[in-house]
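Notes for the structure review
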Amino acid sequence: MPSTLFDKIWDAHRVAQTPSGAQLIAIDRVFLHERTGAAALGRMAEMGREVFDPARVFAVTDHIVDTRPGRTDATPMPGGEAFITQTRAACRAAGITLFDVDDPAQGIVHVISPELGIVLPGCTLVAPDSHTCTQGAFGALAWGIGSSEAEHAMVTGTLRLQRPRTMRVSFDGALARGVTAKDMALHLIAAHGASGGAGHAVEFAGDAVRALDMEGRMTLCNMATEFGAMAGFIAPDAKAFDWLAGRRFAPASFDGPYWQDLRSDEGARFDQEIQVDAATIAPMVSWGTSPEESLPVDGQVPQGSQRVHDYIGLAPGAQLAGTPVDAAFIGSCTNSRIADLRRAADILRGRRIAPSIRKALVVPGSMAVRRQAEAEGLDKVFTDAGFEWRMSGCSMCFYAGGEGFPEGSRVISSTNRNFPGRQGPGIRTHIASPETVAASAIAGAIADPRDYAPDGSTQAEEAA
Amino acid sequence: MSGFPQPLAGRAAPLMIDNVDTDTIIPSREMKTTGRTGLADGLFAPLRYTDADTRTENPDFVLNQPEYRHAQIIAAGANFGSGSSREHAVWALAEWGIRAVIAVGFAPIFHANCLRNGILPITLERSDVAALAGQQVTVDLAAQEIRSASKTHAFAIDPEARLMLAKGLDAIDLTLAQMPDIRAWAAADRQARPWIYPEHTA
């Protein structure tokens, strides 16, 4: 009987049935970060429990580490240093590989895990971070968990789970010029809701997905959690295998029947199917306080709940484009990879951000991305345009206290969440692609990136 | 962890907003220690306080109202607990005294976190949640039903989750009993997929 990719990975990892009916699923990789790593490891030590296989557990400092050059263990977040030092000590005691503050491989967990070949096609990978689904771009089953489940996975090498339902979202056809993976994700979530994927493991498929580069695929899978899905993933192809081959923890090559079988069979049945015509997708920007409240950039704000209109300060019928912004942010596990920075730099090259922009920053997703960008001179493009050029980390994708945007700011942001207060108390966040952030920073107002494109090429054409 | 109250009775605090995220339940800046405690004071800080720094209460917020100040049950909208996977959101709710959340729907990680911390997440149709919001209700885990003065609502929960909640069982202890199966599986898998098992580098 034809199987879905999800079925194949799940069934291959089923260790046992529990007496009460859940399934024990083997977990190949656990990745911790300093925000919750110390809590999980500390509790394990308290309970006298040990890591089942420390060689398959990794940790990084990304969430609250400082992103200003010359950083140390000190972090702008009040009390933040303790999270870093305690996570370091706990990793050492448990024998876990840590990519520390000063490690050349440091970066956001979902950026460095692929860079290091820690995530692999067909593997199961969990992390106490909701955007772990990003790593599904490589054909892995990767999802976010809480601290208790992280302990469970570390101690037993498994999780106790109920099998989710399966969904396939097919983006058929080709993207229009200036439209990116971020826009695909926001289009889908706007159409089907922030809980549209609830209860499901979602496979992204179709011509427009295959045409994406690996960075674009990671962006699309990253937003699966904003769709309410347990996980999002894409069947690995030559692009995925070539991207990973030979990386530090990856095999030198991916030849062989195991790798070739990592795809949904012809005729495989999904519990739910969604079809999207990729050609109808426009550059998207969020207007409200949930990713589902997103619009084509040239659209008008619809009628939402009064509390959302009050928070975001936009009335029904308002034009999104032209709304003045005070700050700009390029970074986060959604859009901080080298391809994201290249596309934003293409728009900023030879231009300056508007004088009304009070804070603009670029935070590369990893130190490797930062080095690559500097080798290509992108840092100069950003700083010449008026952006700050940072060390890698999660930074102001969320507000942890200590460093924030000016009070009351409206921020155009390449991040994944526009929740009330997400980027600071009272901050109004509009999520969009890096090129839309760049265009809006130049305009000083929400702008259509197609009006600022350096040439007519699209991401899909570049990838093809 | 103690077993789930049999039964749990009280007034369901109405919080009928969709997409209440974990940043709202416990903001990142309220997570001040690396442990699991000391979080109740920051619970729902953005809604609960007009000024979080001075802890000035917002009298309009449901949990600040006398009849809900000691509520153990919340009635919520769709996609409750969306956003960050931080288990601190559930720890904060549990520390404050919440034992059950009746919602139109939950984000999956939050749902799993509830079950690991003695909080019963119940999903019902929107009209049913709305009917229960603000009412005196009895949550009966064994019978899988919620009773109010006007109606009884059945709810679904998987058998393992029900057992673990009812008895206050630790999932890790349960799984440790199956370690022989797990070790055997891993030994065989190491032969089949050697690339999954790196040499230790720490």
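What you see is a predicted model, and the numbers here were worked out from it, not measured in a lab.

Conventions we followed
Residues numbered from 1 in each chain as written. Chains lettered and ligands numbered in written order. Predicted model: local features only at pLDDT ≥ 70, side-chain atom pairs only at ≥ 80, totals over all residues. Heavy atoms only, no water. Helix = DSSP H or I, 4+ residues; strand = E, 2+ residues; numbered from the N terminus. Buried < 20%, exposed > 50% of the residue type's maximum accessible area, 1.4 Å probe, protein only. Contact = heavy atoms within 4.5 Å. Pairing = 2+ DSSP bridges. Axes fitted to C-alpha atoms, helices over the stretch in contact; angles between N-to-C directions. Domains from an automatic or database assignment. Buried area = accessible area lost by both parts, 1.4 Å probe. Polar contact = N/O pair within 3.5 Å; in protein donor to acceptor, adjacent residues only side chain to side chain. Core = buried A, V, L, I, M, F, W, Y, C linked by side-chain atoms within 4.5 Å. Salt bridge = Lys/Arg side-chain N within 4 Å of Asp/Glu carboxyl O. Phe/Tyr/Trp six-rings, centres within 6.5 Å; stacked < 30°, edge-to-face > 60°. Lys NZ or Arg CZ within 6 Å of the ring centre and 35° of its normal. Parallel < 35°, antiparallel > 145°, perpendicular 65-115°, else oblique. Left-handed = near helix turned anticlockwise from the far one by under 90°.

Here we take up the overall build of chain B. A count of helical and extended segments in chain B gives eight helices and nine strands. When burial is assessed residue by residue, chain B has 56% of its 202 residues classed as buried. The contacts of chain B with a sequence gap of at least 6 include a subset with a gap of at least 24, amounting to 62%.

Here the focus is the sheet that holds strand S9 (residues 165-172) of chain A. Residue and element names in this part refer to chain A. Here four strands make up an open sheet; going across it, the order is S11-S10-S9-S12 and the pairing parallel. A strand with exactly one partner marks an edge of an open sheet, and here the two such strands are strand S11 (231-233) and strand S12 (272-277). Strand after strand, the sheet turns through a mean of 20° between neighbouring axes, direction not considered. Sheet topology note: the strand S10 (residues 200-205)/S11 ladder contains three bridges and is parallel. Within S11, the position partnered with Val-202 by the bridge is Gly-232.

The next subject is the sheet that holds strand S8 (residues 145-148) of chain B. All names here are of chain B. Sheet architecture is open: seven strands sit in the order S6-S5-S4-S1-S7-S8-S9, paired in mixed fashion. The sheet is open, and its two edges are formed by strand S6 (120-123) and strand S9 (152-154), each paired on a single side. On average, each strand axis in the sheet is inclined to that of its neighbour by 30°, with strand direction left out of account. Of the pairings in the sheet, the one linking strand S1 (residues 8-15) to strand S4 (residues 73-76) comprises four bridges and is parallel in character. Of the residues in S4, the one forming a bridge with Ala-13 is Ile-74.

Residues and elements named next belong to chain A. Taken domain by domain, chain A comprises domain 1 (5-161), domain 2 (165-233 + 261-280) and domain 3 (284-453). Contacts between the two partners involve 23 residues from domain 1 and, on the opposite side, 25 residues from domain 3. For the pairing of domain 1 and domain 3, the buried interface totals around 1900 Å² over both sides, and the portion due to carbon and sulfur atoms is 60%. By the criterion of area lost to domain 3, the three top residues of domain 1 are Thr-67, Ile-108 and His-131, representing 31% of everything that side buries. There are eleven residue pairs in polar contact (both at pLDDT 80 or more) connecting domain 1 and domain 3.

This paragraph deals with the nonpolar core. Core analysis: the largest hydrophobic core is formed by 153 residues, its most contacted members being Phe171(A), Phe204(A) and Phe382(A). Beyond its immediate sequence surroundings of up to four residues, Phe204(A) is in contact with Val169(A), Phe171(A), Leu188(A), Val209(A), Leu220(A), Cys221(A), Ala224(A), Gly232(A), Phe233(A) and Ile234(A). Grouped together as the second largest cluster of nonpolar side chains are 33 residues, Leu39(B), Phe80(B), Ile98(B) and Ala107(B) included.

Once that is clear, we can look at the environment of Asp271(A). Residue and element names in this part refer to chain A. Relative to the helices and strands, Asp-271 is located in the loop between helix H10 (257-260) and S12. As for Asp-271 and Thr-166, which are separated by 105 residues in sequence, their C-alpha atoms are 5.2 Å apart. Apart from residues no more than four positions distant in its own chain, Asp-271 is found in contact with Arg-165 and Thr-166. From its side chain, Asp-271 meets the backbone nitrogen of Thr-166 in a polar contact 2.8 Å long.

On to the side chain of Ser294(A). Residue and element names in this part refer to chain A. Structurally, Ser-294 can be placed in strand S14 (residues 294-296). Ser-294 gets classed as buried once you look at its relative accessible area, which sits at 8%. Among the polar contacts listed, one links the side chain of Ser-294 to the backbone oxygen of Pro-291, at a separation of 2.7 Å. Beyond its immediate stretch of four places on either side in the chain, Ser-294 contacts Leu-186, Ala-190, Met-284, Val-285, Ser-286 and Trp-287.

Turning to the pattern of salt bridges, a few remarks are in order. The tally for this structure, following the rule as stated, stands at 42 salt bridges over all chains. Measuring nitrogen to oxygen at the nearest pair gives 3.6 Å for the salt bridge that ties Arg116(B) to Glu149(A). Of this pair, Arg116(B) sits in the loop between helix H4 (108-115) and S6 while Glu149(A) is found in helix H5 (residues 147-156), placing the two residues in two different chains. Accessibility classification places Arg116(B) together with Glu149(A) in one group, the buried group. Measuring nitrogen to oxygen at the nearest pair gives 3.3 Å for the salt bridge that ties Arg343(A) to Asp340(A). Of this pair, Arg343(A) and Asp340(A) both sit in helix H12 (residues 338-348), three residues apart, which is roughly one turn of the helix. Look at Asp340(A) and you get buried, because its relative accessible area is 1%. Shared partners join several salt bridges into a network, and the residues in it are Asp7(A), Asp11(A), Arg14(A) and Arg163(A).

It is worth spelling out H5(A) at this point. All names here are of chain A. Among the ten residues of H5, ten are classified as buried, and the element is accordingly described as predominantly covered. Of the residues making up H5, those classed as buried are Ser-147, Ser-148, Glu-149, Ala-150, Glu-151, His-152, Ala-153, Met-154, Val-155 and Thr-156. Positive phi appears at Gly-157, one or two residues downstream of H5, with a value of about 75°.

Counted by the stated rule, this structure contains 20 aromatic pairs over all chains. Pairing Tyr258(A) with Trp195(B) gives two aromatic rings, centres 5.1 Å apart and planes at 55°, and the pair type is tilted. Of this pair, Tyr258(A) sits in helix H10 while Trp195(B) sits in the segment after helix H8 (179-192), placing the two residues on different chains. The class for Trp195(B) is partly exposed, based on a relative accessible area of 22%. Among the aromatic residues, those joined into a cluster by ring pairs are Phe241(A), Phe254(A), Tyr258(A), Trp259(A) and Trp195(B). Geometry around Phe83(A) places Arg35(A) over its ring, the cationic atom sitting 4.8 Å from the centre. Over the aromatic face of Trp243(A) sits the side chain of Arg247(A), whose NZ or CZ is 3.9 Å from the ring centroid.

Bringing the environment of Ile357(A) into the picture now. Residue and element names in this part refer to chain A. Locating Ile-357 in the fold gives a position in the loop between H12 and strand S16 (359-362). Ile-357 sits in the buried class, given a relative accessible area of 9%. Between the alpha carbons of Ile-357 and Ile-442 there is a distance of 8.7 Å; along the sequence they are 85 residues apart. Among all residues touching Ile-357, those that are not within four sequence positions of it are Val-325, Asp-326, Ala-327, Ala-328, Ala-441 and Gly-444.

This part takes up the packing of H12(A) against helix H15 (residues 434-443) of chain A. All names here are of chain A. Running from N to C, H12 and H15 cross one another at 25°; their axes reach a closest spacing of 8 Å. Considered as vectors, H12 and H15 are oriented roughly parallel to each other. When you trace H12 past H15, the crossing you get is right-handed. In contact with Asp-340, Arg-343, Ala-344, Ile-347 and Leu-348 of H12, H15 contributes Pro-434, Glu-435, Ala-438, Ala-439 and Ile-442.

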